Amino acid sequence: MNQMTVHNLYIFDRNGNCLYYNEWNRKKQAGISKDEEYKLMYGMLFSIRSFVSKMSPLDMKDGFLSFQTSKYRLHYYETPSGLKFVMNTDLSVSNARETLQHIYSNLYVEYIVKNPVCVLGQTLDSELFSSRLDAFIRALPFYSPRAA
Amino acid sequence: MTVHNLYIFDRNGNCLYYNEWNRKKQAGISKDEEYKLMYGMLFSIRSFVSKMSPLDMKDGFLSFQTSKYRLHYYETPSGLKFVMNTDLSVSNARETLQHIYSNLYVEYIVKNPVCVLGQTLDSELFSSRLDAFIRALPFYSPRAA
C-alpha cells in the first residue's frame, strides 16, 4: 500500500515570480489563494536557505536541499541562473535532484528557453511544456497515482 | 560520522541547553541571538510545512538536509524541543533524541529537586552523561583536523 508519488511542483524565477505550478496528487489545499501560496512558498524557502547557511556547523557547499515530515518530502533545486524548482513527493523519494535537473535541462530549456514565443519571466505558457512535463512526471519510476 | 551540536528549548522558546562537539563554523552572531534565530526559524518552518502540506499531517516537520549536514527535530508532548545537527550519514536521529529526553533529561533534570524547570539546565551530571552518551553513539567520531 506504499505507493510512491509526486504531489506537486513549483517553478520560480530568480525574482520570485511563480512561472509554473501543477499538482498530481494533492489531498489538502493550503487554505489561501494560489498567489498567496506561491509567495509563501518562495519567501519561506528564501528564509530557510538563509537560515540553513547561517546556522551551518560547517562551511556550506550547496546549501539547503530538502526537508521532510512524517508524510512528505520537499525537494529544492536551483539552477545557476536562479531558476528554482520545488517538488513535494512522498517519503520513498530520497533524492529528486536528478529529476529536477532533467526537468530543467530537457523540458524547461528545450520548450521554454528555446521557444521564441515564450517570454521569460512570465508564467510559462507552453502547452507542449505542460504536456511533456506531465508525461515525464507520470512516467517516473516513483510516480503512481494514489488509489482514492 | 559525527554529531555537530545540540539545542534543547522549552515550550516558551527558552534555550535550556546547548553544546557542540564538532562545529567548524560559528553563526557570526551572539549565542543569545543564535538561540532565538534557531527557535524562531523552526517555529516558522513547522508552521509553513504544515500549511503547505499536500496531505493531512501526522507528525509535522522532522528534519532538513543540505549537501553537508542534517538538522533533526524532536518535540515531546510537553513542548520540549530537541534540535540536533549531524552529518549526512545519520538519516534518523529520532530515537537518539527520544533517549536523550527519557533517559537523561527526565532522569537528571526533571527528577532533580534542585533543578528549576524553565531555566538553563544547571546539572553537571546531566551534561557529563549527555556528553558521554553522544560520544558513545555509533555515528559519532571526532573529525580528524
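- In the annotation of an unreviewed UniProt entry, chain B is listed under the name Trafficking protein particle complex subunit and assigned to Betta splendens.
- Chain B has a UniProt comment under Sequence similarities (unreviewed entry) that states "Belongs to the TRAPP small subunits family. BET5 subfamily."
- Of the comments in the UniProt record for chain B, the one headed Subunit (unreviewed entry) reads "Part of the multisubunit transport protein particle (TRAPP) complex. The heterodimer TRAPPC6B-TRAPPC3 interacts with TRAPPC1 likely providing a core for TRAPP complex formation."

- In the annotation of an unreviewed UniProt entry, chain A is listed under the name Trafficking protein particle complex subunit and assigned to Betta splendens.
- According to UniProt, the comment filed for chain A under the heading Subunit (unreviewed entry) is "Part of the multisubunit transport protein particle (TRAPP) complex. The heterodimer TRAPPC6B-TRAPPC3 interacts with TRAPPC1 likely providing a core for TRAPP complex formation."
- A UniProt comment under Sequence similarities (unreviewed entry) is attached to chain A, and it reads "Belongs to the TRAPP small subunits family. BET5 subfamily."

**Remarks on the interface of chain A and chain B**
- Taken together, the contact pairs 38 residues of chain A with 38 residues of chain B.
- The junction of chain A with chain B conceals about 3700 Å² of combined surface from both sides, 69% of it contributed by carbon and sulfur atoms.
- Counting across the chain A and chain B interface gives 0 salt bridges.
- Here chain A is connected to chain B by 18 residue pairs in polar contact (both at pLDDT 80 or more).
- The set of elements that each furnish at least two residues to the side of chain A that touches chain B consists of strand E1 (6–12), helix H1 (34–54) and strand E3 (64–69) of chain A.
- When residues of the side of chain A that touches chain B are assigned to their parent elements, the largest contribution, 10 residues, is made by H1(A).
- When its residues are assigned to classes, the side of chain A that touches chain B shows 17 nonpolar, 11 polar and 10 charged.
- Examined bridge by bridge, E3(A) and strand E3 (residues 61–66) of chain B share 5 bridges and lie antiparallel to one another. Across the sheet, the residue bridging to A:Phe67 is B:Phe64, located in E3(B).

**A few points about the confidence of the model for chain B**
- Averaged over every residue, the pLDDT of chain B is 92; residues scoring 70 or more account for 97%.
- Interface confidence in the predicted complex, given as ipTM, is 0.87; pTM for the same model is 0.90.

**Looking at the nonpolar core**
- By size, the foremost hydrophobic cluster in this structure holds 42 residues, and its most contacted members are A:Met41, A:Phe64, A:Phe67, B:Met38, B:Phe61 and B:Phe64.
- Once residues within four sequence positions are removed from consideration, B:Phe64 is found in contact with A:Phe51, A:Val52, A:Phe64, A:Ser66, A:Phe67, B:Tyr69, B:Arg70 and B:Leu71.
- A:Leu9, A:Ile11, A:Leu19 and A:Tyr104 belong to the second-largest nonpolar core, a separate cluster that totals 29 residues.

**A closer look at the environment of A:Ala30**
- When you line up the elements, A:Ala30 lands in the loop between strand E2 (18–23) and H1.
- Looking at A:Ala30, the relative accessible area reads 8%, which means it is buried.
- Not counting chain neighbours up to four residues away, the residues in contact with A:Ala30 comprise A:Glu37, B:Lys51 and B:Met52.

**A closer look at the pattern of salt bridges**
All names here are of chain A.
- Under the counting rule described, the total for this entry stands at 14 salt bridges over all chains.
- Between Arg49 and Glu78 there is a salt bridge; the shortest N-O distance is 3.3 Å. With Arg49 in helix H1 and Glu78 in strand E4 (residues 73–78), this residue pair connects regions lying 29 residues apart in the sequence.
- Here Glu78 falls in the partly exposed class, since its relative accessible area comes to 29%.
- Taken together, the shared-partner salt bridges connect Glu23, Arg26, Lys34 and Glu37 into one network.

**Section: the environment of B:Ser141**
Residues and elements named next belong to chain B.
- By the secondary structure assignment, Ser141 is in the segment after helix H3 (124–136).
- For Ser141, a relative accessible area of 33% puts it in the partly exposed group.
- On a C-alpha basis, the gap between Ser141 and Ser63 in space is 21 Å, while along the polypeptide they are 78 residues apart.
- With residues near it in sequence (within four places) discarded, Ser141 still touches Met1, Thr2 and Asn22.

**Looking at the sheet that holds strand E5 (residues 84–89) of chain A**
- Pairing within the open sheet is antiparallel, and its 10 strands lie in the order E2(A)-E1(A)-E5(A)-E4(A)-E3(A)-E3(B)-E4(B)-E5(B)-E1(B)-E2(B). The sheet is open, and its two borders are formed by E2 of chain A together with strand E2 (15–20) of chain B, each paired with just one other strand. Each neighbouring strand pair of the sheet contributes to a mean axis angle of 10°, computed without reference to strand direction.
- Pairing of E3(A) with E4(A) involves 3 bridges; the strand directions are antiparallel. Note that in E4(A) the partner of A:Gln68 across the bridge is A:Arg73.
- Packing against the sheet, H3(B) makes contact with strand E1 (3–9), E2 and strand E5 (81–86) of chain B, and its axis sits at approximately 45° to E2(B).

Calculation notes
- Residues numbered from 1 in each chain as written.
- Chains lettered and ligands numbered in written order.
- Predicted model: local features only at pLDDT ≥ 70, side-chain atom pairs only at ≥ 80, totals over all residues.
- Heavy atoms only, no water.
- UniProt positions renumbered as here; feature names shortened; annotations may be inferred.
- Contact = heavy atoms within 4.5 Å.
- Buried area = accessible area lost by both parts, 1.4 Å probe.
- Salt bridge = Lys/Arg side-chain N within 4 Å of Asp/Glu carboxyl O.
- Polar contact = N/O pair within 3.5 Å; in protein donor to acceptor, adjacent residues only side chain to side chain.
- Helix = DSSP H or I, 4+ residues; strand = E, 2+ residues; numbered from the N terminus.
- Nonpolar A, V, L, I, M, F, W, Y, C, P; charged D, E, K, R; others polar.
- Pairing = 2+ DSSP bridges.
- pLDDT = per-residue confidence, 0-100.
- Core = buried A, V, L, I, M, F, W, Y, C linked by side-chain atoms within 4.5 Å.
- Buried < 20%, exposed > 50% of the residue type's maximum accessible area, 1.4 Å probe, protein only.
- Axes fitted to C-alpha atoms, helices over the stretch in contact; angles between N-to-C directions.

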